[in-house]
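Summary of structural features
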Amino acid sequence: MRFLIFTILSFVYFCGSAQDGYKIDIDLESYTNDTLLIGYYYGDRQLVKDTLITETPGKFSFAGKDTLDPGMYILVTKPENSFIQFMVPLDDQHFKIKGDVNIVEDISFEGSVDNDLLTNYVKYIGEKRKAIEQMDADVEMGKSTLTPDQIAAEKAMVDADVKAYVSRIRAEHPETVTALLLKSNIGVDVPEYEGTAEEVQINQYLYYKKHYFDNIEMDNPAALRTPFLHKRIDYYMEKLTVQHPDTIKLSMDYILEKVSPAEKTYQFYLSHFLNKYANSKVVGFDALYVHLVDKYYDKGKAPWIDEETLLKIKDNADNLRPVLIGKVVPDITVYKEDNTPISLSDIDADYTVLYFWAPDCGHCKKSIPKVVEFNEKYKDKGVKVFAICTKHKEKTKGCWEELEERNMLGFINAADEHHKSRFKIKFNVKTTPKIFILNRDREILMKNIGSEQLEKVMDNIIKTFSATDIQN
């Protein structure tokens, strides 16, 4: 695994003697500012832990009675905002940082077994890297006396030495954060497969995905406070997981199970996923929000949430659940201009475009012409547009006054003056315009798309279901 040779870790990790609380003495030469920030990594964020002020140039103390959460922390100098990264293990939080702030290589640590391991590793890798670079330079300048096979053998020996060095650290110091970090740098060795190119590619993908986290200690509390964990999880979710709600659910559950022994990591990622899919603009991804609420929050698996917030989260899921893609919507009865009732079930069409709009809605003014154009093209293809004006009481009159001017007379138009149908609640209509595409059985095939997408989406729907009918 040759990447080990070229990987120079840009952070410094250290620990100290096992004592109560934490005490990190900092002595930075050439640093004259009286302020030094202490930051830390937290999932995908970098947050400020403390602001240190000193009266003695370059000398600071970062101390407290509580134990710091293990992980990677950062010294941030002012005003340049340059930084020095260091790691704090759980059981050794008394040590010293010293050196010239202008020379990163000059920074050293006292009282840190972990830091000694990592510092020696970085130096070792640097030497091996120089040896490889020198061999390549000799070849490029024609100075090498080695044959290509001999060069390959030399590089293979260097690789083997590096692997052995890393293995020794992991074997002799398995509980250190250094071992955690070095282990995370080990990739997945994908075996060779036989078959067609497509079969080989699929098998390689499946193997890689299955073993992707083999060398990531996701249940280690320190992993949350490093730069690598979130990057790995994000890559798994976005690149290795098919972007469909059903497969994303499986990946989320898998990750949450893997991190669950680390309480704060579990809390971070459950909250992260909920916020991510609560704000997602991808059609159908609201199902992921509902899944998280139903499986975790509603089952008491988010005990840190206060009751008021939990009720809001569950209420939001309750509003979304009936209108998820694939759900059969309830039948509603609304009214035409002459007060004649009309229900969803009265509409005889293979596909119904349910269009919620309002006469004073600016986005609707831009949307309606496209829906009108769509209706003209698809009205003879088993598609009908059922337009429901969202205004109530005395404002309902405005719904009918606009129909002719906006060329909407080709739609099935309706409103509900007294909101007897409660359509806003049943269809979670909070803003307009809002579009649903239903099949004959009132099952939601698509929703929350723009009017400019209607034609393309409908073509795909008709094509998909026509092909299904032929196969059946």
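Our structure is the block above this text.
Residues numbered from 1 in each chain as written. Predicted model: local features only at pLDDT ≥ 70, side-chain atom pairs only at ≥ 80, totals over all residues. Heavy atoms only, no water.

**Some points on the pattern of salt bridges**
What counts here: Any carboxyl oxygen of Asp or Glu within 4 Å of a side-chain nitrogen of Lys or Arg constitutes a salt bridge here. Secondary structure elements follow DSSP: runs of H or I no shorter than four residues count as helices, runs of E no shorter than two count as strands, and numbering proceeds from the N terminus. Using a 1.4 Å probe on the protein chains alone, a residue whose accessible area is under 20% of its type maximum counts as buried, one over 50% counts as exposed, and one in between counts as partly exposed.
Under the definition given, this model contains 24 salt bridges. For Asp136, the salt bridge identified is with Lys155, shortest N-O distance 2.7 Å. One end of the pair, Asp136, is in helix α2 (residues 113-140); the other, Lys155, is in helix α3 (residues 148-172), and 19 residues separate them in sequence. On the basis of relative accessibility, which here comes to 34%, the residue Asp136 falls in the partly exposed class. Here Lys155 falls in the buried class, since its relative accessible area comes to 16%. Lys391 is the salt-bridge partner of Asp360, the closest N and O atoms lying 3.0 Å from each other. Here Lys391 lies in the loop between β12 (383-389) and α12 (397-401) and Asp360 lies in the loop between β11 (351-357) and α11 (362-378), a separation of 31 residues in the sequence. Overall, Lys391 belongs to the buried group, its relative accessible area being 17%. Because the salt bridges share partners, they merge into one network encompassing Asp69, Arg225 and Lys264.

**Some words on α11**
Inclusion rule: A helix is expected to span 1.5 Å for every residue after the first. Fitting axes to the seven residues ending at a residue and to the seven starting there, one defines the bend at that residue as the angle between these axes.
For α11, spanning 17 residues, the distance from its first C-alpha to its last is 25 Å, which sits close to the expected 24 Å at 1.5 Å a residue. Considering bend angle alone, the principal kink of α11 is centred on Ile368 and spans about 30 degrees; proline Pro369 follows within four residues of it. When α11 is considered as a whole, its buried residues turn out to be Cys364, Ser367, Ile368, Val371, Val372, Phe374, Asn375 and Tyr378.

**A word on the sheet that holds strand β6 (residues 83-88)**
As a reminder, the rule being used: Pairing between strands is defined by DSSP: at least two bridges between the two strands are required. Think of each axis as a best-fit line through the C-alpha atoms, taken over the contacting stretch in the case of a helix, with angles from 0 to 180 degrees between the N-to-C directions.
Across the sheet, which stays open at both edges, the four strands sit in the order β3-β2-β5-β6 with antiparallel pairing between neighbours. The open sheet is flanked by β3 (45-53) and β6, the only strands paired with a single partner. Between one strand and the next, the sheet's axes are offset by a mean angle of 30 degrees, whatever the strand orientation. Across six bridges, strand β5 (residues 71-77) lies against β6 in antiparallel orientation. Within β6, the position partnered with Tyr73 by the bridge is Phe86.

**Examining unusual backbone geometry**
The omega torsion across Lys78 and Pro79 is 0 degrees, close enough to zero to call that bond cis. Within the secondary structure layout, Pro79 lies in the loop between β5 and β6. Cis geometry is found at the peptide bond from Thr432 to Pro433, where omega equals -5 degrees. Among the secondary structure elements, Pro433 is positioned in the loop between α13 (423-426) and β14 (434-439). We note that Asn81 has phi near 60 degrees; this positive angle belongs to a residue other than glycine. Within the element layout of this structure, Asn81 appears in the loop between β5 and β6. We note that Arg442 has phi near 65 degrees; this positive angle belongs to a residue other than glycine. Within the secondary structure layout, Arg442 lies in the loop between β14 and β15 (444-447). On the basis of relative accessible area, Arg442 is assigned to the partly exposed category, the value being 22%.

**Here we look at the packing of aromatic side chains**
Remark: the centre distance and the inter-plane angle together describe each pair of aromatic rings, the angle taken between the planes. Using the following cut-off: Pairing of aromatic rings covers Phe, Tyr and Trp, the last through its six-membered ring, and needs centres within 6.5 Å; plane angles under 30 degrees mean stacked, over 60 mean edge-to-face, and all others mean tilted.
Here the structure, examined in full by the defined rule, presents 24 aromatic pairs. Considering the side-chain rings of Tyr31 and Phe60, the 6.0 Å spacing of their centres and the 45 degrees angle between planes classify their relative orientation as tilted. Residue Tyr31 is located in the loop between β1 (22-29) and β2 (35-42), and its partner Phe60 is located in strand β4 (residues 59-64); the two are separated by 29 residues in the primary sequence. Comparing Tyr31 with Phe60, the two get one shared label, buried. On the numbers, 4.9 Å between centres and 45 degrees between planes, the contact of Phe213 with Tyr236 is tilted. Of the two residues, Phe213 is situated in the loop between α5 (197-210) and α6 (227-238) and Tyr236 in helix α6; the sequence distance between them amounts to 23 residues. Note on accessibility: Phe213 and Tyr236 belong to one class, buried. An aromatic cluster of at least three residues, connected via ring pairs, comprises Tyr40, Tyr42, Tyr73, Phe86, Phe268, Tyr269 and Phe273.

**A short note on the side chain of Asn215**
Using the following cut-off: Side-chain atoms alone can form a polar contact between residues adjacent in sequence; in general such a contact is a pair of N or O atoms within 3.5 Å, and within protein one must be able to donate a hydrogen while the other accepts it. Contacts were defined at the residue level, with two residues in contact if any of their heavy atoms lie within 4.5 Å.
When you line up the elements, Asn215 lands in the loop between α5 and α6. A distance of 3.2 Å separates a polar atom in the side chain of Asn215 from the backbone oxygen of Ile186. Apart from the residues within four sequence positions on either side, Asn215 is in contact with Lys183, Ser184, Ile186 and Gly187.

**A short note on the pairing of β5**
Counting buried positions over the seven residues of β5 gives seven, a clear majority of the element. Counted between consecutive antiparallel strands, the loop separating β5 from β6 contains five residues, among which Asn81 sits at a positive phi close to 60 degrees.

**Examining the nonpolar core**
Which entries qualify depends on this criterion: Note on terminology: a nonpolar core comprises buried Ala, Val, Leu, Ile, Met, Phe, Trp, Tyr and Cys residues joined through side-chain atoms within 4.5 Å.
Among the nonpolar cores identified, the biggest contains 71 residues, and Ile24, Ile26, Ile233, Met237, Ile255 and Phe273 are the most heavily contacted of them. Every residue in contact with Ile255, bar those within four places of it in the chain, is listed here: Phe213, Met218, Ile233, Tyr236, Met237 and Phe273. Residues Val371, Tyr378, Cys399 and Leu445 belong to the second largest nonpolar core, which totals 30 residues.

**Here we look at the state of the cysteines**
Put simply, the rule is: Disulfides are defined in this document as cysteine sulfur pairs within 2.5 Å.
Tallied over the entire structure, the rule returns one disulfide. Covalently, Cys389 is tied to Cys399 through a disulfide, its sulfur atoms 1.9 Å apart. Classification of the bridge connecting Cys389 and Cys399 rests on its S-S torsion, roughly -65 degrees, and on that basis the disulfide is left-handed. Remark: Cys399 occurs in helix α12 and Cys389 occurs in strand β12; sequence separation between them is 10 residues. Taking relative accessible area as the criterion, Cys389 reaches 1% and is therefore assigned buried.

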